[in-house]
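Each chain, letter by letter, is given below.
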Amino acid sequence: MREISIVSGNRHKVDELMPLAKAHGIRLKWINYSKVEIQADGISDIARAGGILAYAALGVPLIVEDTGIFISALKGFPGPYSAQAYKTIGLEGILTLLKGRKSRKAEFRTAICYAGDEDTVVFEGVVHGTIATRIRGGRDFGYDPIFIPEGHTKAYSEMELAEKNSASHRAAAFEKFAEYLSRK
Ligand code: ITT
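Residues numbered from 1 in each chain as written. Predicted model: local features only at pLDDT ≥ 70, side-chain atom pairs only at ≥ 80, totals over all residues. Heavy atoms only, no water.

Examining the overall build of the protein
- On a plain count of helices and strands, the protein comes out with six helices and six strands.
- Of the regular secondary structure in the protein, the N- to C-terminal order runs β-α-β-α-β-α-α-β-β-β-α-α.
- Over its C-alpha atoms the protein spans a radius of gyration of 16 Å, differing by no more than 12% from the 16 Å that the globule rule assigns to 184 residues.
- Summarising its shape, the C-alpha atoms of the protein cover approximately 50 × 30 × 25 Å along the three principal directions.
- Taken across its 184 residues, the protein has 48% of its residues classed as buried.
- A separation threshold of at least 6 residues defines the contact pool for the protein, and within that pool the share at least 24 residues apart is 60%.
- Taken together, the 25 basic and 22 acidic charged side chains of the protein have centroids lying 4 Å from each other. (Helix = DSSP H or I, 4+ residues; strand = E, 2+ residues; numbered from the N terminus. Rg over C-alpha atoms; globule rule 2.2 N^0.38 Å. Buried < 20%, exposed > 50% of the residue type's maximum accessible area, 1.4 Å probe, protein only. Contact = heavy atoms within 4.5 Å. Lys, Arg positive; Asp, Glu negative; His and termini not counted. Charge placed at Lys NZ, Arg CZ, Asp CG, Glu CD.)

Observations concerning the nonpolar core
- Core analysis: the largest hydrophobic core is formed by 19 residues, its most contacted members being Ile26, Ile63, Phe174 and Phe177.
- Taken together, the elements giving at least two residues each to this core come down to β1 (2-8), α1 (11-23), β2 (26-32), β4 (105-115) and α6 (169-182).
- Ranked by residue count, the leading element in this core is α6, at seven residues. (Core = buried A, V, L, I, M, F, W, Y, C linked by side-chain atoms within 4.5 Å.)

Focus on the pairing of β1
- Extensive coverage of β1 is indicated by the burial of five of its seven residues.
- As judged from the seven bridges shared by β1 and β2, these two strands associate in the parallel manner. Bridge pairing links Glu3 to Arg27 in β2.
- In this fold, the crossover linking β1 to β2 by way of α1 has right-handed handedness.
- Alignment of β1 against strand β3 (residues 62-71), held across two bridges, turns out to be parallel. Counterpart to Ile6 in the pairing with β3 is Ile63. (Pairing = 2+ DSSP bridges. Right-handed = clockwise from strand over helix to strand, strands pointing away.)

What to know about the site of the ligand
- Near the ligand lie 21 residues; those nearest to it are Ser8, Gly9, Lys35, Asp144 and Lys164.
- Residue Lys13 places a side-chain N or O atom 2.8 Å away from an oxygen atom belonging to the ligand.
- For the ligand, the protein covers 92% of the area, taking 610 Å² as the surface of the free molecule.
- Of all the secondary structure elements, the ones that give two or more residues to the shell around the ligand are β3, α3 (82-88) and α6.
- Tallied by class, residues from the shell around the ligand come to five nonpolar, eight polar and eight charged. (Near = heavy atom within 4 Å. Polar contact = N/O pair within 3.5 Å; in protein donor to acceptor, adjacent residues only side chain to side chain. Areas by Shrake-Rupley, 256 points an atom, 1.4 Å probe, with all protein chains shown as cover. Nonpolar A, V, L, I, M, F, W, Y, C, P; charged D, E, K, R; others polar.)

With respect to α6
- Along its 14 residues, α6 runs 20 Å from first to last C-alpha, staying within 8% of the 20 Å computed at 1.5 Å per residue.
- Looking only at α6, the buried set comprises His169, Arg170, Ala171, Ala173, Phe174, Phe177, Ala178, Tyr180 and Leu181.
- Of the residues flanking the start of α6, the one acting as N-cap is Ser168, its side-chain oxygen 3.3 Å from the backbone nitrogen of Arg170. (Expected span 1.5 Å × (residues − 1).)

A short note on the side chain of Thr67
- Mapped onto the elements, Thr67 comes out in strand β3.
- A polar contact is formed between the side chain of Thr67 and the side chain of Glu65, at a distance of 2.7 Å.
- Leave out the neighbours within four places in its chain, and Thr67 touches Lys13, Ile43, Ser82, Phe108, Arg109, Thr110, His169 and Arg170.

Remarks on α1
- When the terminal C-alpha atoms of α1 are compared, their 19 Å separation across 13 residues agrees well with the 18 Å that a helix rising 1.5 Å per residue should span.
- Turning to α1, its buried residues number three or more, namely Lys13, Val14, Glu16, Leu17, Leu20 and Ala21.
- The opening residue of α1 is Asn10, an N-cap whose side-chain oxygen sits 3.0 Å from the backbone nitrogen of His12.

As structure tokens, this is what we get:
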């Protein structure tokens, strides 16, 4: 089994990535450390910089990932600032910003950066959906209690982890990464 490290300070991400990796015959080793996060408009650039810096420090093949939720009525906010917005205005703050707005469209994007001996590559996954009108129950991970993926009535938080993983932004990015790795 191939061993790749995941550098992240977010346990929920790792909980989702572990079964995805296992299904592709990859053993993920968690290095519980927050990647250096540069300020940039694109999550791919943030992930790439984080991957390069983590690889320079650790010297083992690894992935880092950056995720953001992009809300149409807010012109893409919080996007690359999702972690900061979550810590400051929180889910209630996002719902307040959307009060009276016609569109509740949003998308989740994940960029996974793989940094290894020869190359540094980034893979993106996107899921479209809407922002709920209230905070839903269930698993409490970041924006999951307010994000309803397209074609569903449940928020991500109300789904079992396996159901979220069957069609999530993170899973989509990971599929591309696993496909790349299988060709190496
Ligand atoms: P790292 O150490 O991996 O960087 P982080 O929590 O800082 O962890 P991000 O910057 O990628 O990760 O995350 C941006 C925000 O979005 C943060 O508040 C996360 O909790 C949240 N988030 C990330 N993925 C999510 C998902 O699948 N569902 C809900 N919220 C998510």
